[in-house]
Amino acid sequence: MRLDKYLSESGIFSRSEAGKAIRSGRILVDGAPVKDPSKHIAETAQVLCDGKPVIWSKYQYIMLHKPAGYVSATEDKGRTVMDLVPPACVRLGMFPCGRLDIDTTGLLLITNDGPGAHNWLSPKHHVAKTYRFTCALPLSEEARLRMEAGLELGDFTSQPSQVELNAPTEGEITIVEGKFHQIKRMFAAVDNEITSLQRIRFGPLKLDESLEPGQWRYLTDEEIHALQTVHS
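Residues numbered from 1 in each chain as written. Predicted model: local features only at pLDDT ≥ 70, side-chain atom pairs only at ≥ 80, totals over all residues. Heavy atoms only, no water.

Caption draft 1: How the structure looks around the pairing of strand β8 (residues 129-135). Across the seven residues that make up β8, a large majority, five, are buried. Inspection of the sheet shows β8 paired to strand β10 (residues 170-175) by six bridges, in the antiparallel sense. Among the inter-strand pairings, Lys 129 is bridged to a residue of β10, identified as Ile 175. Sheet topology places β8 next to strand β11 (residues 194-202); seven bridges connect them, and they run antiparallel. Paired with Cys 135 across the strands is Ile 194, a residue of β11. (Buried < 20%, exposed > 50% of the residue type's maximum accessible area, 1.4 Å probe, protein only. Helix = DSSP H or I, 4+ residues; strand = E, 2+ residues; numbered from the N terminus. Pairing = 2+ DSSP bridges.)

Pasting the structure below:
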């Protein structure tokens, strides 16, 4: 792989910025300075920029704590979740894995791992997603049991879910689908209404509670491994 491509795909530079950094002597490869952007290096090479390690990976994974008011898309007339992550994410072809409604907050995975995203979002794999909710009215036991059994919602019947109440109008719901406005429609089907919704788990990933809304971080190696072994 060309050195300038290695640096740009690591997300720290654009291709032109990488060339400038290389020619100015800021890059070491396996301990030796390299000033030729076209030099080919191994993917396992040790690369330093200004003395700091540069890590290349075929795929990148970011956990974003999505705030309300942002669309889960790469492009939209309004604000998108890609406005909250570094510009390099767009350059690397990263995208939100799945969608959260504009007023829904919480864990959103941003990645350029297309095959992985297809796997995690495929209905046949039933990857669980857990949301923290508040609703307008106390959720009755009858309504909770109906939701857990599966509800007829007109165009589809929801898969069985798990609902745990922490208070009469607060709790957590786990579903294995991700239909448009599904949870809101499930509550509407039992004559209730969602007033707030936050995703706190996506498959093996848990929302990092230290992230404020709008903040992000790269996944840890352990989190990446857990994702990559889901239904592999």
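That was the structure; now back to the text.
Caption draft 2: Fine view of empty space enclosed by the protein. Within this structure, the stated rule accounts for one cavity of 30 Å³ or more. Each pocket or cavity is described by its volume, and for the largest cavity that value is around 30 Å³. Lining the largest cavity are Ser 10, Gly 11, Gln 60, Ala 88, Cys 89, Leu 92, Met 94 and Tyr 218. (1 Å grid on protein atoms, 1.4 Å probe; cavity = no way out; pocket = protein on both sides within 12 Å on 5 of 7 lines; lining within 4 Å. Points joined across faces, edges and corners; volume = space filled by probe spheres on them.)

Caption draft 3: Quick look at the pairing of strand β7 (residues 105-111). Counted residue by residue, β7 has six buried out of seven residues, so it is predominantly covered. The pairing of strand β5 (residues 61-66) with β7 spans six bridges and is antiparallel. Residue His 65 lies in a different strand from β7, and its bridge partner there is Leu 107. Pairing geometry for strand β6 (residues 95-96) and β7, over two bridges, is antiparallel. By the bridge assignment, Phe 95 is partnered in β7 with Thr 111.

Caption draft 4: Up close: the environment of Leu 48. As for its position among the elements, Leu 48 is in strand β3 (residues 47-49). Separated by 100 residues in sequence, Leu 48 and Glu 148 place their C-alpha atoms 53 Å apart. Excluding residues within four positions of it along the chain, Leu 48 makes contact with Arg 26, Ile 27, Leu 28, Pro 53 and Val 54. (Contact = heavy atoms within 4.5 Å.)

Caption draft 5: Examining the nonpolar core more closely. Counting residues in hydrophobic clusters, the biggest one holds 31 residues, and the most contacted among them are Ile 110, Phe 133, Leu 139, Met 147, Ile 173, Ile 183 and Phe 187. Within the residue set of this core, elements represented by two or more residues are β5, β7, β8, α5 (141-149), β10, α6 (182-189) and β11. (Core = buried A, V, L, I, M, F, W, Y, C linked by side-chain atoms within 4.5 Å.)

Caption draft 6: Focus on the layout of surface pockets. Approximately 610 Å³ is the volume found for the largest pocket. If you trace the largest pocket, you find 30 residues lining it, with Arg 99, Glu 177, Gly 178, Lys 179 and Phe 180 closest to the centre. The set of elements that each furnish at least two residues to the lining of the largest pocket consists of α4 (114-121), β8, α6 and β11. For the lining of the largest pocket, the per-class residue count stands at 14 nonpolar, nine polar and seven charged. By volume, the second largest pocket amounts to about 320 Å³. What lines the second largest pocket is a set of 17 residues, among which Ser 10, Ile 55, Trp 56, Gln 60 and Tyr 218 lie closest to the centre. The set of elements that each furnish at least two residues to the lining of the second largest pocket consists of β4 (52-54) and α7 (221-228). At three residues, β4 tops the list of elements feeding residues into the lining of the second largest pocket. Residues belonging to the lining of the second largest pocket are distributed by class as follows: eleven nonpolar, four polar and two charged. (Nonpolar A, V, L, I, M, F, W, Y, C, P; charged D, E, K, R; others polar.)

Caption draft 7: Representation of the environment of Ala 42 in the model. Within the secondary structure, Ala 42 sits in the loop between β2 (32-33) and β3. Note: C-alpha distance between Ala 42 and Met 1 (41 residues apart in sequence) is 6.4 Å.

Caption draft 8: Layout of the side chain of His 65. Relative to the assigned elements, His 65 resides in strand β5. On the basis of relative accessibility, which here comes to 6%, the residue His 65 falls in the buried class. Ignoring any residue separated from it by four or fewer positions in sequence, one finds His 65 in contact with Gly 106, Gln 198, Leu 207, Leu 211, Glu 212, Pro 213, Gly 214 and Gln 215.

Caption draft 9: Layout of α5. Every buried residue belonging to α5 is among Ala 143, Arg 144 and Met 147, and all of these are buried. Viewed along the axis of α5, the buried residues span an arc of 100°, placing them on a single side of the element. Structural note: α5 exposes Glu 142 and Ala 149 on the side pointing more than 90 degrees away from its buried face. Tucked into the core, α5 has its buried residues touching β9 (162-167), β10 and α6. (Arc of directions from axis to C-beta.)

By themselves these figures say nothing about function.
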